[in-house]
Each structure stands twice: as structure tokens, then as C-alpha cells.
Amino acid sequence: MVRDRLIKLLEDSLKACWEKGALKPGEFKGPVEMEFTRDPAFGDYASNLAMVLASVLRDNPRKIAGQLVKNLDDCDGVLEKVEIAGPGFINFFVRDAVWAGYLENVLRLGSGYGKSENGKNRRVQVEFVSANPTGPLHVGHARGAVIGDVVANILKASGCNVFKEYYINDVGNQMNRLGRSVYLRYRELAGDRIDFPEDHYQGRYIYELAGEILDKDGKTHLEKTEEEEIPFFTSYAAESIMNGIREDLKAFGVLFDNYFSERELYKERGVDRLLEKLEKNGFIYREGDTLWFRSTAFGDEKDRVVVRETGEPTYFAADIAYHKNKYERGFDNVIDIWGADHHGYIPRVKAAVQAMGIDPETLRIILVQLVSLSREGKPVPMSTRAGEFVTLREVVDEVGKDAARYNFLMRRSDSHLDFDLELAKKQSNENPVYYVQYAHARIESIIRTARERGMKIPGFGEIDPLQLRIPEEIALIKAITRYPEIVEGGARSLEPHRLTFYLNDLASIFHSYYNKNRVISDDPDMSRARLVLVIAVGIVIRNALGLLGVSAPEKM
RNA sequence: GCGCCCAUAGCUCAGCUGGAUAGAGCGUCGGACUACGAAUCCGAAGGCCCUUGGUUCGAAUCCAAGUGGGCGUACCA
């Protein structure tokens, strides 16, 4: 990357300055910052190193900048010129030929352009969605699903060994309630008069499940008592709903490496043995019949119950065991993606991880703000239990996978998102995703035209890169250069939205260039050079959309 | 009460972990197709970055207090 080379140049210069005594001695705890400038007048990249050093060395920043510039050894001839500006910025102007030469990289790497080995093959688990199988996924889940999926893609692209997992919370009260809901509807369909409790699941899918059972088994389930029958209804419903969830996710382009059942944790007394061990280490204490986890020892605001008075473990107990399980499987990093309403849960899980002797920094939690739903500007209430929701499936069917995914990726995950159904359906023509896809389709169209006119599609070796010299062309190449840095930044911050913003930028620069300049013209040399440029843009758009799980169409 | 998140153009939001003159989309107004796709482009209007202090060469960004909103504060999951 050009940026890396400039950083190296500046670091070497700093070393040289100190060796020669051109700068006062001092301690600089890197890293050297090198940023894109937003104004070409400030060059291509700028560094604030001199200003940072000024406070350490207690000297004039412009004077320091002067020494740094004087000792630059541009042995590769990357630089056009270097300027000192403002309070002490060092502005680097890169030679046009260097930019154009960069295209060679992009063309050679193709679909590999943007990938890196930064992750050093670290094993990373991303756990997301993990909705209880008590009903179909709704739009709220959809956001977490896309964010998790794309975070995984980005980490993969930056060289991590990624494992995607869905935690099935199939133990506990909610599940019993689900089973009982289906059981009651079954009796109702079988002709019994029932009084359906308000706090049970009201959705129509409950009737559908009950109907399936009635069709298959007839009235045989009326013979035994409710207590005896409910486990059957529970597991039938859970399995059926879980299958539906899998299919919906698949249609949304979200695939998991593993679905992990909470029940696994209880096998071979797993949870009990973990609690015993933690008790031995002093992290758990008894109060009457309840067991408490001492999370205050790690900064949580209060201790937490892990085993109730009744002797049943809490959800938290299972979650401690689950996180232990994750680390035992050898993951170096664990990423949990939760709804933002679970934020209060973070300290205790971090505490649990720490109590097991694991560095809590290796556990990262992404909070996804819940999606509020509206229809033509009016809020639509959503509750799984009341059966009022728009499902993920409906959104995918009506808005389309590409538009839906892109929509959920356009905001930072911790910022609130309002999803307007009518707008999402209607918007299909002005949806931002089409802006980017259109750029790609346009590029493909240019390539088709070139072929039709008998042009051979050139490789980088067949063009004169110096033909690409107008500001719009340099701007395009620079934007292309940024792409690997965007991926790297996205992987570091776990922020997929950076890619959508980048894509929007890139598409905008391209469209603008396209409107002002002809790619295929009477000038064969120029046509070849521009064709290569445009092909490179296409590669980047395709790769970036690939990470988002959005298609890059050749025609629209 | 306590804790976490948020407050930036009329609306929806970016702002790359402290940088130079704060950006984009939508909306509004005005322009551009006899040439590679007008799902596009060009231009204009639009701002006390919630308020007040502090930290320093430099603050939308960090700290403190206040205001307004969301969420959490279970022996639910």
C-alpha cells in the first residue's frame, strides 16, 4: 500500500534525525499517523507527526517538520513533493505514475484484492441471531443477522479463521410456554373449549403447528394429561420453528457453521461441574438454597444468581458454561452480537470470562439497536408473543435480499434504525443499493460495448498508465487504493457500515467520471487505459459487495 | 435513584479513535440524453455539531456538570 510506504519513509526519517542529532532526543510511542487528505491542496496523504513530537520534545512543530522532511529518503521515487503546512502538517504529494501503477495490483489480484493476512489466521467465533425458537424471525432479528454475517465476512477477508454460530436457547420457561401454547391450540382445533392465556404465544403459526399435529396424529394426544403431553408439543414446535428459521436465514444469505443447542451444556452435568469448580475458586457462594456468582469482584454492580432457590440453574449459569465451551474449543477471540436491550448483561459475562482465567479483552460484544417498525410513518407495535410482527421472510420476499441487507448495513449498529415497510417496498428504484449496483452494471456494459466494437480487453501491461492523469482519474485510483484500508478498518472496529459508505463514495466518483469522460473513444491508447481503470473499479465494487453479501449484477 | 447508549442541514444519518474551510443521501429549487445504460450527472439554498465549563498547538470527537430522548436495573430469556 502507498500509505505503508509513506509511513516507513517517515519512520526512517525520524530515526535518521535522532541519529544525526537533528532533533532533540525524546520518547515517541508510535504509531506514525498517515491520513487521507480531504482537499487535494493538502496533497494525497498528510501526517501530524511533527505536531505530536512537538509536545514530547517541547519544540516548534514546523521546525520539527522541517527536519523530518529534510531527512526523507525517497529512494523509490514515490513522491512528487512534500510540503509543510498549517500548524505543522507534513503533506505528501504522490507522483501520478505511482497511482496509476497501483492498478496493476488490482488487476492481478482480482477477487483477492482487499484481502490480507492481518488476522494471522486467528480463530474467531462470531455468535449471532441466537433467537429463541418460539416463533419466526422478524425484522429486528434481520439486522443482527446481516451485521453478524458481514462482520464474519470482513474478518475472513482480513485473514481470520472465522466460525459462525447460532446459540439455540431451547431450555426454560419460554419453551414450556411455547409447547403449552401449541397444546392448547391443538385442543381447541380438536373441539375443546379452551381459555387461551394472554401471556402465551398468540401468533397464527401456533395454529398452523397445532393443525399439523392434528392432521398427523389425530386426537391421540388428548388421551394423556397435559403434563405428559407438553414435552412432545414443545419439541415438535421447537424443531419445526427452528427449521423455518434456518430456511429464512438461508434465503437472506446467512449461513451458519454450527447451531449450538443449550441442552448440550447440561450433558454430563456440565453446568454443575463448572459451578462446583467456580465455587472451589471462591467465585461462587451460597445463601440458603441459592448460589450466587461473585461478579462484583470484577466490577459488576451486584452479584448474580446462578442457581435458584428451587434448584434450577438460571439462564446466566448456562451462559457461563457456554462461554467456557467457546474458549475450550480453541477460539482466540469470541464475538457476541446482541440486541442493545441486553447491554446491562455485558459486565456479568465479562466477569464470568475473567473468573475462568480468560482475558476479557478477547471477548467483544457488538450491540445492535433494535429496529423500530413503521408503516407510512406510523409506528407498528411488535411483539412475538402477541403475534404482531413482520417476519424476516416477508421483508426478503417483498424488498429483496440485496436491498434488505444493504439497508441494514447503512447505519452504525448502535444507532437506532427505523424500518418503514411502505418505503422499503416502494423505494426499490431509489434505494441506495441500486446506486452502487448500477455503477457495476454500467462498467459491465462498457466492457460489453468494447468487445462488440472489436476491442481486445487489455491487461495492465498493454496500457500506458501515464494516460490516466486527469483529476477524476487520479481520484478514482486513489479511491481504489483506499479499499484495503477500509476492510482493515472495518475488521478492527467491527463496523460493517464503513463498507457501504465507502461503496457509495466510490460509485459516486465513478458516475461523475463517466458522465464527463468517454471511456471508449477514437483514441485507442486512451481507450485501453481507461478500460483498465474502469475494470479495476468494477473489481473493487464486486469485492466489496461480496463482503456485504449483496450481488453485483451485470445488467439491471 | 443508579448504570449504559444517543443528541451533527427540514428528514435519515456519516465523520476513519484529537487535525486544516463539518460531509452524504432524501426532500426543495434550477440545469444536462442525435455518442460507452438519465436507476446517472452538474449547480444552488440549507449548520451556535444540544448547553456551559475544562484539558492543549488544535475539540463534533476526550473530561465534568446540566438538558432532552432510548434502553437497562429479575431467583425472565
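Draft legend 1. Structural context of the overall build of chain A. If you tally the helices and strands in chain A, you get 19 helices and 15 strands. Across its three principal directions, the C-alpha atoms of chain A cover 90 × 65 × 40 Å. Taking as baseline every contact in chain A between residues at least 6 positions apart, the subset at least 24 positions apart corresponds to 74%. Accessible surface, chain A: about 26500 Å² in total, of which carbon and sulfur atoms supply 47%. Side chains of chain A give 76 positive and 85 negative charges; the mean places of these two sets differ by 4 Å.

Draft legend 2. A look at the protein's contact with RNA strand B. Taken together, 55 residues are adjacent to RNA strand B, and Asn169, Arg308, Arg411, Tyr435 and Ser445 come closest. For RNA strand B, the fraction of protein-proximal atoms (within 4 Å) that sit in sugar or phosphate groups is 61%. One of the side-chain nitrogen or oxygen atoms of asparagine 169 is found 2.2 Å away from a sugar or linking oxygen of RNA strand B. Take arginine 442: an N or O atom from its side chain is 2.7 Å from a phosphate oxygen of RNA strand B. Elements supplying a minimum of two residues to the surface near RNA strand B: β4 (89–94), α16 (432–452) and α18 (497–516). Here the residues of the surface near RNA strand B sort into 20 nonpolar, 20 polar and 15 charged.

Draft legend 3. Main features of the packing of helix α14 (residues 401–408) against α16. With their axes 9 Å apart at the nearest point, α14 and α16 run at an angle of 115° to one another. In terms of orientation, α14 lies roughly perpendicular with respect to α16. Seen along the crossing, α14 lies across α16 with a hand that is right-handed. Residue-level inspection shows Asp402, Ala403 and Tyr406 of α14 in contact with α16, the latter providing Pro432, Val433, Val436 and Gln437. Looking at the contact of α14 with α16 residue by residue, the class counts come to five nonpolar, one polar and one charged.

Draft legend 4. Local environment of helix α11 (residues 315–328). Between its first and last C-alpha, α11 extends 20 Å over 14 residues, near the 20 Å set by a 1.5 Å rise per residue. The element α11 is largely enclosed, with a buried count of eleven among its 14 residues. Every buried residue of α11 is listed here: Phe316, Ala317, Ala318, Asp319, Ile320, Ala321, Tyr322, His323, Asn325, Lys326 and Tyr327. Taken from the residues just after α11, glycine 330 is the one with a positive phi, measuring 90°.

Draft legend 5. The arrangement of the nonpolar core in detail. Ranked by internal contacts, the top residues of the largest apolar core, which has 144 residues, are Leu6, Leu68, Leu155, Tyr166, Leu249 and Phe252. Broken down by element, the residue count for this core peaks at 15 residues, all from helix α19 (residues 524–548). Grouped together as the second largest cluster of nonpolar side chains are 32 residues, Leu265, Ala318, Ala351 and Leu363 included.

Draft legend 6. Representation of the layout of surface pockets in the model. Quantified by volume, the largest pocket comes out at close to 1500 Å³. Along the wall of the largest pocket there are 45 residues; nearest its centre are Ser130, Ala131, Asn132, Asn169 and His342. Among the elements of the structure, α5 (139–157), α6 (173–189), α11, β11 (333–339) and β13 (371–375) are those that each provide at least two residues to the lining of the largest pocket. Its residues assigned to classes, the lining of the largest pocket shows 18 nonpolar, 20 polar and seven charged.

Draft legend 7. Fine view of the confidence of the model for chain A. On average, residues of chain A score 89 in pLDDT, and 95% of them reach the 70 mark or higher. Under the prediction, the complex receives an ipTM of 0.94, its pTM being 0.93.

Draft legend 8. Main features of the sheet that holds strand β6 (residues 161–168). Sheet architecture is open: five strands sit in the order β7-β6-β5-β11-β12, paired in parallel fashion. Two strands bound the open sheet, and with one partner strand each, they are β7 (258–261) and β12 (363–368). Neighbour to neighbour, the strand axes of the sheet diverge by 25° on average, direction disregarded. The pairing of β11 with β12 spans six bridges and is parallel. In the strand pairing of β12, isoleucine 337 is matched with isoleucine 366.

Parameters and conventions
Residues numbered from 1 in each chain as written. Chains lettered and ligands numbered in written order. Predicted model: local features only at pLDDT ≥ 70, side-chain atom pairs only at ≥ 80, totals over all residues. Heavy atoms only, no water. Helix = DSSP H or I, 4+ residues; strand = E, 2+ residues; numbered from the N terminus. Contact = heavy atoms within 4.5 Å. Areas by Shrake-Rupley, 256 points an atom, 1.4 Å probe, with all protein chains shown as cover. Lys, Arg positive; Asp, Glu negative; His and termini not counted. Charge placed at Lys NZ, Arg CZ, Asp CG, Glu CD. Near = heavy atom within 4 Å. Polar contact = N/O pair within 3.5 Å; in protein donor to acceptor, adjacent residues only side chain to side chain. Nonpolar A, V, L, I, M, F, W, Y, C, P; charged D, E, K, R; others polar. Axes fitted to C-alpha atoms, helices over the stretch in contact; angles between N-to-C directions. Parallel < 35°, antiparallel > 145°, perpendicular 65-115°, else oblique. Left-handed = near helix turned anticlockwise from the far one by under 90°. Expected span 1.5 Å × (residues − 1). Buried < 20%, exposed > 50% of the residue type's maximum accessible area, 1.4 Å probe, protein only. Core = buried A, V, L, I, M, F, W, Y, C linked by side-chain atoms within 4.5 Å. 1 Å grid on protein atoms, 1.4 Å probe; cavity = no way out; pocket = protein on both sides within 12 Å on 5 of 7 lines; lining within 4 Å. Points joined across faces, edges and corners; volume = space filled by probe spheres on them. pLDDT = per-residue confidence, 0-100. Pairing = 2+ DSSP bridges.

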